[in-house]
Amino acid sequence: MIAEAGLACLWLAAALSLLQLLAGGFSLAGRGEQLASIIRPVAIMQGILVAIAFVMLIWLFLRTDLSVKLVAMNSHSAKPFLYKFAGTWGNHEGSMLLWVTIMGLSGSCIALLEKRLRSDTMIATLAAQAFVSIGFYAFLLFSSNPFERLPSPVPEGQGLNPLLQDPGLAFHPPTLYIGYVGLSVAFSFAVGALITRNVGPVFARAMRPWVLGAWIFLTLGITAGSYWAYYELGWGGWWFWDPVENASLMPWLAATALLHSVSVLATRGALRTWTIMLAVVAFSMSMVGTFLVRSGILTSVHAFAVDPERGSFILALLAIYIGGALALFAIRAATIREGTRFSFFSREGALVLNNVLLTAILGIVLIGTLYPLLTEAMGTKVSVGPPYFNPVGAAFALPMLVVMAAGPLLRWRGDSGRKLINMMALPVLAAAVTLLVVVLFGGRIGILPLLGLILATGLAIASIIPLWGRNLLRTPLNIWGMVIAHLGIAVALFGMASESAFNQEVLVASQPGESHEVGPYTLTFNAIEPVAGPNWTALEANITARVTGSDSSDTLNPQSRNFSSPPTQTSEAALLTRWNGQLYVVLGEENADGRWQLRLWWKPFVTFIWYGGLLIGLGGLLALIGRTVRDIRRRAHDMQDEENEQDQQAGEAAA
Amino acid sequence: MTNWKLWLPFGLFALFFIVVAGGLISPSDRTITSKMIGKPLPAFDLPQAVADRPALSTADFNTGTPRLLNIFASWCVPCIAEAPHLQALSDAGAEINGVAIRDKPEDVAAFLARNGNPYTRIGADNLSSVQLEIGSSGVPETFVVDGQGRITYQHIGDIRASDVPMLLEKLEEAR
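This structure is a prediction, so every number in the text was calculated from the model and none was measured.

Engineer: So what exactly am I meant to see when it comes to the overall build of chain A here?
Structural biologist: Regarding its fold elements, chain A presents 17 helices and ten strands. For a compact globule of 655 residues, the expected C-alpha radius of gyration is about 26 Å, and chain A comes in at 27 Å, within 12% of that figure. Counting only C-alpha atoms, chain A reaches 100 × 75 × 55 Å along its principal axes. Per-residue burial over chain A gives 51% buried out of 655 residues. If you take every contact in chain A between residues at least 6 apart in sequence, the share linking residues at least 24 apart comes to 74%.

Laid out in structure tokens, this is it:
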């Protein structure tokens, strides 16, 4: 019954989203004032229904109901509780249901909370949101029904891909999805504003919290995903320029640009057309990402939900929504009033430059990701890797970091160059000192890691200068947010540069009793022991790690795991985290002569990459709280003014 | 801004759509007739790519037995995917020589330790010069070379499980 109830809720939610679209459409066309009044309640109800459907699916997974095809295909009764739960979205159908659930709930939130926007723009926004949802409902109901029953229940499920049986999985996909879907809200706002010709600061302020929220989740999702790939895949790398990784990076780049341009629009009323364009681009990147992952059109180590038929469906949705929005843009953009002009040497100017550079990086990643497809159409198959992405991306990323350091130091409207030079003196000095230190003590390192280290220190200093001379307790939260997010970029960059410059790798064929040195550590290989987990058995190495010359030691236990269902072998790296880096140990196979392959890495400051990611997310959160509180205050203030005005009018009338 | 410029994003998107839809509709025909087939290998003499495998030069192919020449790189994702199938070919008795494209010795060694090492010789092609001369446009690619050093077959893209018997057959034909 649970599955049928879930399916019923899904159909009802789909029907309501159609109603939401029609009501919006008719009321905008000027037919039916009353229709406009139902659109908010309908949006709220739709969100509730789809959320119930999703809860039903979770329930089915928790009970391991093997009469449901999806559960039988992706779960197993012996799976730990957390993975039964997370397994709900560890597959195509479940993750698409999660997608529409988040979409429905965000529709509800707009309907409940958004009060500033002009009512026709609001209606158009909700109608657009419904229009996007309908496509995904259709996708679920017609092509990937998660509640499908099997003719007869199977005795046991097929299990979940062991690589996905990790606490990281419980949080990484939903986090990214909230980010992707949050961008769909920004998209709906943009379409709503285009339809009703209402692109201005009020619209920007209404859209900003959604962009910020989506961006925070994308940041955290990418950070978590990168760390997951780092320790779970056992390759010792944290970014592979894999199509699926790029698929999450591209929306982030677009959202970052959007976040900054929406600020310019909200504060100065400028960059109107550009902001609308970016909102459309950001959501198209989410959809392109989903498409690339699901269609299996590109070879990826991450592809676990590949199906060309689904690919065609998503591509059709992509064509309708993005093609439609871009056509609307082409027709309407000329009618958008030109925003305020501004001088190049100002906060806005820096933000525009940052936007251009971010967009360029986005373009580079997009071209690199799609290039194999392009050449395949011409008959050759290629793989594009770090030799392209790293130098070409850096050519734009490095100048962007310089702009990022300088931008926040400039005032809106216009500023003096002399002041900027004075303020940049300290960051430049810090960068110069880093250069000196690295050249003197760092040994031979590549040009990109060197530039990375220099820029990271310069940017770190520059990013905290906006706090200079302020009363820290009275500094608005959104300033804190900007400072911390920018500092986070510097911290992450430092981690990346340090890892690629000073990473030490040792490959040995070792037998128990032998010692090996890597970085500041001496590792002693003690023994190999068999161990067993809930649904796997493993060979585990016992390794003692000791800072060379010191007494205290730690034990590392890398494993080579064998999962029973589905039968898969994975390698579980053992990590020793210290403030100044990580020791990363992987157990390989046994050689014919009884020696074991061990891969040992010392990665100085590698953890800074993810600490930086967390800082960026925290900065976003602070900005979101700061902006929201400020907006609520402003609204209360406006209402006060209105009441006063009414009182005054009433008084005048009485007189 | 004039109107046609505003249609530019739409145009770019349409282009994207055509490329992707094309890729989706036509499952790529992976058996392309190479211009190199029947021609002798270009002359090259590559240095060693890793310490435990000898270097590779054209002269090594003139031994009378056909073999596979696999173009790969440690930074290439499909190369990871094809590694087990190369191993299967090697287990079935095929001799495989490798050319590592734009790589570093430590990266190649790490790649081989991770994914298995089916190669008897590996040359390092740090400037892609051999890759260009041999008519290979990307990684991974695999050539069947007969005992006189003539190319008899070119396989573009990663080797999948289904390609293994076909490649063994090609090797047999080249005898």
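Now that the structure has been shown, the text picks up again.
Engineer: Sorry, what's going on with the overall build of chain B here?
Structural biologist: Scanning chain B for helices and strands turns up six helices and seven strands. Reading chain B from its N end, one meets helices and strands in the order α-α-β-β-β-α-β-α-β-α-β-β-α. Dimensions of chain B, computed from the C-alpha atoms along their principal axes, are close to 65 × 35 × 30 Å. Within chain B, the proportion of its 175 residues that are buried is 42%. Within chain B, contacts between residues at least 6 apart in sequence are counted, and of these 77% link residues at least 24 apart.

Engineer: So what exactly am I meant to see when it comes to the sheet that holds strand E9 (residues 581-590) of chain A here?
Structural biologist: Paired through their backbone hydrogen bonds, the strands of a sheet run either parallel or antiparallel. Pairing within the open sheet is antiparallel, and its four strands lie in the order E1-E10-E9-E8 (chain A). Each end of this open sheet is capped by a strand with a single partner; those strands are strand E1 (504-510) and strand E8 (574-578) of chain A. The average undirected angle you get between the axes of adjacent strands in this sheet is 15°. Bridge count between E8(A) and E9(A): five bridges; the pairing is antiparallel. By the bridge assignment, Arg578(A) is partnered in E9(A) with Gly581(A). Across the sheet, helix H4 (residues 105-115) of chain B lies against E1, E9 and strand E10 (596-604) of chain A, angled at about 45° from E1(A), the strand it touches most.

Engineer: Please explain the sheet that holds strand E6 (residues 141-145) of chain B as it appears in this structure.
Structural biologist: All names here are of chain B. Taking strand neighbours across the sheet as the criterion, the five strands line up as E5-E4-E3-E6-E7 in an open arrangement whose pairing is mixed. Whereas interior strands pair on both sides, the edge strands pair on one side only; in this sheet they are strand E5 (119-125) and strand E7 (151-156). Along the sheet, successive strands turn relative to each other by an average axial angle of 20°, direction set aside. Where E6 and E7 come together, five bridges link them in antiparallel fashion. Following the sheet pairing, valine 144 is matched in E7 by tyrosine 153. Where helix H6 (residues 163-173) meets the sheet, its contacts fall on strand E3 (67-72), E6 and E7, and the angle it forms with E7 comes to roughly 165°.

Engineer: For this particular structure, what's the right way to read the interface of chain B and chain A?
Structural biologist: Frequently, the measure chosen for interface size is the accessible area that the parts lose on association. With 34 residues of chain B at the interface, the matching set in chain A holds 40 residues. Top element by residues in the side of chain B that touches chain A is helix H2 (residues 8-25) of chain B. It accounts for ten residues. Class assignment of the residues belonging to the side of chain B that touches chain A gives a composition of 23 nonpolar, seven polar and four charged.

Engineer: How do you make sense of the packing of helix H1 (residues 2-28) of chain A against helix H2 (residues 33-63) of chain A when you look at a structure like this?
Structural biologist: Residues and elements named next belong to chain A. Between H1 and H2, whose axes approach to 8 Å, the crossing angle comes to 160°. Considering the angle they form, H1 stands roughly antiparallel to H2. Both H1 and H2 take part in a crossing whose hand is left-handed. Residues that form the contact of H1 with H2 fall into these classes: 26 nonpolar, six polar and one charged.

Engineer: When you look at the nonpolar core in this model, what are you seeing that I'm missing?
Structural biologist: For soluble globular proteins, nonpolar side chains are generally found buried alongside one another. Membership of the largest hydrophobic core comes to 181 residues, with the highest contact counts inside it found for Ala186(A) and Val280(A). Ranked by residues supplied to this core, first place goes to helix H8 (residues 201-232) of chain A with 17 residues. With residues near it in sequence (within four places) discarded, Ala186(A) still touches Met207(A), Trp210(A), Val211(A), Ala214(A), Leu258(A), Ala279(A), Ala282(A) and Phe283(A). Counting residues in hydrophobic clusters, the runner-up holds 44 residues, among them Phe389(A), Phe72(B), Leu89(B) and Leu112(B).

Engineer: Help me out: how do you make sense of unusual backbone geometry in this one?
Structural biologist: Trans peptide bonds make up the majority, and among non-glycine residues the majority have a negative phi. Despite not being glycine, Leu271(A) has its phi angle at roughly 60°, a positive value. Along the chain, Leu271(A) turns up in the loop between helix H9 (243-268) and helix H10 (272-295). One non-glycine residue, Ser128(B), lies in positive phi territory at about 60°.

Engineer: Before we go on, may I ask you to explain the environment of Ala316(A) in this structure?
Structural biologist: Residue placement: Ala316(A) occurs in helix H11 (residues 308-332). For the pair Ala316(A) and Gly135(A), spaced 181 residues apart in sequence, the C-alpha to C-alpha distance is 9.3 Å.

Engineer: Explain the packing of helix H5 (residues 92-113) of chain A against helix H6 (residues 119-143) of chain A here, please?
Structural biologist: Any two packed helices are characterised by the angle at which their axes cross and by the distance between the axes. Residue and element names in this part refer to chain A. Interaxial distance between H5 and H6 falls to 10 Å at its minimum, and their mutual angle equals 160°. Here H6 runs roughly antiparallel to H5, going by the angle between their axes. The element H5 and its partner H6 pack so that their crossing is left-handed. Residues Met96, Leu97, Trp99, Val100, Met103, Gly104, Gly107, Ile110 and Ala111 of H5 pack against Thr125, Leu126, Gln129, Ser133, Phe136, Tyr137, Phe139 and Leu140 of H6. A per-class count over the contact of H5 with H6 returns twelve nonpolar, five polar and no charged.

Engineer: Explain H8(A) to me, please; I cannot follow it from the model alone.
Structural biologist: All names here are of chain A. Counted at 1.5 Å a residue, the expected span for H8 with its 32 residues is 46 Å, and the 45 Å between its end C-alpha atoms agrees. The axis of H8 is deflected most strongly, by about 35°, at methionine 207, and proline proline 209 appears within four residues downstream. Counting buried positions along H8 gives 26 out of 32 residues, so the element sits mostly inside the fold. Once H8 ends, the next one or two residues include glycine 234, with phi positive near 70°.

Engineer: Explain the pairing of E5(B) here, please?
Structural biologist: In the case of a regular strand, side chains alternate between the two sheet surfaces. Residue and element names in this part refer to chain B. Where burial is concerned, most of E5 is hidden: six out of the seven residues are buried. As defined by bridge partners, strand E4 (residues 96-101) adjoins E5 across six bridges and the pair is classed as parallel. Its bridge partner lying in E5, asparagine 97 is registered against arginine 121. Between E4 and its parallel partner E5, the chain crosses via H4, and the hand of that crossover is right-handed.

Engineer: For this particular structure, what's the right way to read the environment of Pro155(A)?
Structural biologist: All names here are of chain A. The residue proline 155 is located in the loop between H6 and helix H7 (167-195) in this model. Residue classification places proline 155 among the exposed residues on the basis of 7 C-beta atoms within 10 Å. Expressed as a C-alpha distance, the spacing of proline 155 and serine 312, which sit 157 residues apart in the sequence, is 34 Å.

Cut-offs and rules
- Residues numbered from 1 in each chain as written.
- Chains lettered and ligands numbered in written order.
- Predicted model: local features only at pLDDT ≥ 70, side-chain atom pairs only at ≥ 80, totals over all residues.
- Helix = DSSP H or I, 4+ residues; strand = E, 2+ residues; numbered from the N terminus.
- Rg over C-alpha atoms; globule rule 2.2 N^0.38 Å.
- Buried ≥ 20, exposed ≤ 12 C-beta atoms within 10 Å, placed from the backbone.
- Contact = placed C-beta atoms within 7 Å.
- Pairing = 2+ DSSP bridges.
- Axes fitted to C-alpha atoms, helices over the stretch in contact; angles between N-to-C directions.
- Nonpolar A, V, L, I, M, F, W, Y, C, P; charged D, E, K, R; others polar.
- Parallel < 35°, antiparallel > 145°, perpendicular 65-115°, else oblique.
- Left-handed = near helix turned anticlockwise from the far one by under 90°.
- Core = buried A, V, L, I, M, F, W, Y, C linked by C-beta atoms within 7 Å.
- Expected span 1.5 Å × (residues − 1).
- Bend = angle between axes of the 7 residues up to and from the residue.
- Right-handed = clockwise from strand over helix to strand, strands pointing away.

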